[in-house]
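Topology and contacts: notes
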Amino acid sequence: LYKFELGFAESIYGWSISLMCLFNVLFFYIMGKSRWWHYKKSFFAAVQALTVFCLILIVVSRNIFVQLAAAGLTGITYAAVYSSHQYYGVSGGANRSRRMAIHEIILGTGYAVGSVLGGVISDHLGRNWPYIFGAIVISLAGLIQVIIWFALKQNDQSSSNEKTSFLTSPT
């Protein structure tokens, strides 16, 4: 994308990846030293929305500084999603080593499938399409999560109402 579509030098790609990794490391550090993000659905949803926003920026912008900013922000979102998956995968659970192995298997599979699929999509549909596809997949996953959250909330409310009506009903 950078070289063939946008006409950027190869070094710009290197700067982009370096910024992404720098922000990634910084946010890993911040998340590792804090607990403010634990069990916050709004944080996780915001991270997903920011990821989609960054992917859209990459697709629509031809400005080098916007591309670099999107790469840096993507480093933050990657750290947030990775840390969240790792934390929730092992928190409170037994057999943590098994859960960590599952975490790494999921990530490794995602890297392999994502790389191959991204290359195939890029070759057949164009250099922007892996980013468009990623934005679509993340948006659909976010929509499914919201539906599940609302369904669980409705389920919790209805079971609370049933318990309350049982306790207050004259029998």
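For the structure itself, consult the block above.
So, a few notes on the structure that sits alongside this text. In this text, all values refer to a predicted model and were calculated from it rather than measured experimentally.

Some points on the packing of aromatic side chains
Summed over the entire model, instances satisfying the criterion amount to 12 aromatic pairs. When the ring of W37 is compared with that of F43, the centres are 6.4 Å apart and the planes differ by 45 degrees; the resulting orientation is tilted. Taken as a pair, W37 and F43 share a single burial class, namely buried. Three or more aromatic residues joined by ring pairs form one cluster here, namely W36, W37, Y39, F43, Y87 and Y88.

Remarks on the nonpolar core
Formed by L1, Y2, L6, F8, I12, C54, L57, I58 and A70, the largest nonpolar core amounts to 9 residues. Ranked by residue count, the leading element in this core is helix α2 (residues 41-60), at 3 residues. If near-sequence neighbours (up to four positions away) are discounted, F8 is found in contact with Y2, K3, R62, N63, I64 and Q67. Counting residues in each nonpolar core, the second largest holds 8 residues, with M31, F43, A79 and A80 among its members.

Overview of unusual backbone geometry
Even without being a glycine, Y39 presents a positive backbone phi close to 60 degrees. Relative to the helices and strands, Y39 is located in the loop between α1 (10-32) and α2.

Some words on the side chain of S16
The residue S16 is located in helix α1 in this model. What makes S16 buried here is its relative accessible area of 5%. Setting aside anything within four residues of it in sequence, one finds S16 in contact with Y2, L68 and A71.

What about the environment of K3?
With respect to the helices and strands, K3 occurs in the segment before α1. Sequence separation of K3 and Y13 is 10 residues, and the distance between their C-alpha atoms is 8.3 Å. Those residues in contact with K3 that sit more than four places away from it in its chain are F8 and E10.

Looking at the state of the cysteines
Between two cysteines, a covalent bond joining their sulfur atoms is known as a disulfide. Throughout the structure, instances matching the rule amount to 0 disulfides. C54 supplies the cysteine sulfur nearest to C21, a cysteine that is in no disulfide, at a spacing of 15 Å.

A closer look at the side chain of N24
As for its position among the elements, N24 is in helix α1. N24 sits in the buried class, given a relative accessible area of 11%. Here N24 is in contact with G75, I76, Y78 and A79, once residues within four sequence places are set aside.

Some remarks on α1
Note: α-helices contain 3.6 residues per turn, so residues at a spacing of three or four share the same orientation. If you check α1, its first and last C-alpha atoms are 33 Å apart, about what 23 residues at 1.5 Å a residue would give, namely 33 Å. When α1 is considered as a whole, its buried residues turn out to be I12, S16, N24, F27 and M31. Looking at the buried positions of α1, the neighbouring elements they touch are α2 and α3 (64-90).

Rules behind the numbers
- Residues numbered from 1 in each chain as written.
- Predicted model: local features only at pLDDT ≥ 70, side-chain atom pairs only at ≥ 80, totals over all residues.
- Heavy atoms only, no water.
- Phe/Tyr/Trp six-rings, centres within 6.5 Å; stacked < 30°, edge-to-face > 60°.
- Buried < 20%, exposed > 50% of the residue type's maximum accessible area, 1.4 Å probe, protein only.
- Core = buried A, V, L, I, M, F, W, Y, C linked by side-chain atoms within 4.5 Å.
- Helix = DSSP H or I, 4+ residues; strand = E, 2+ residues; numbered from the N terminus.
- Contact = heavy atoms within 4.5 Å.
- Disulfide = S-S within 2.5 Å.
- Expected span 1.5 Å × (residues − 1).

Function cannot be read off these values alone, since they describe shape.
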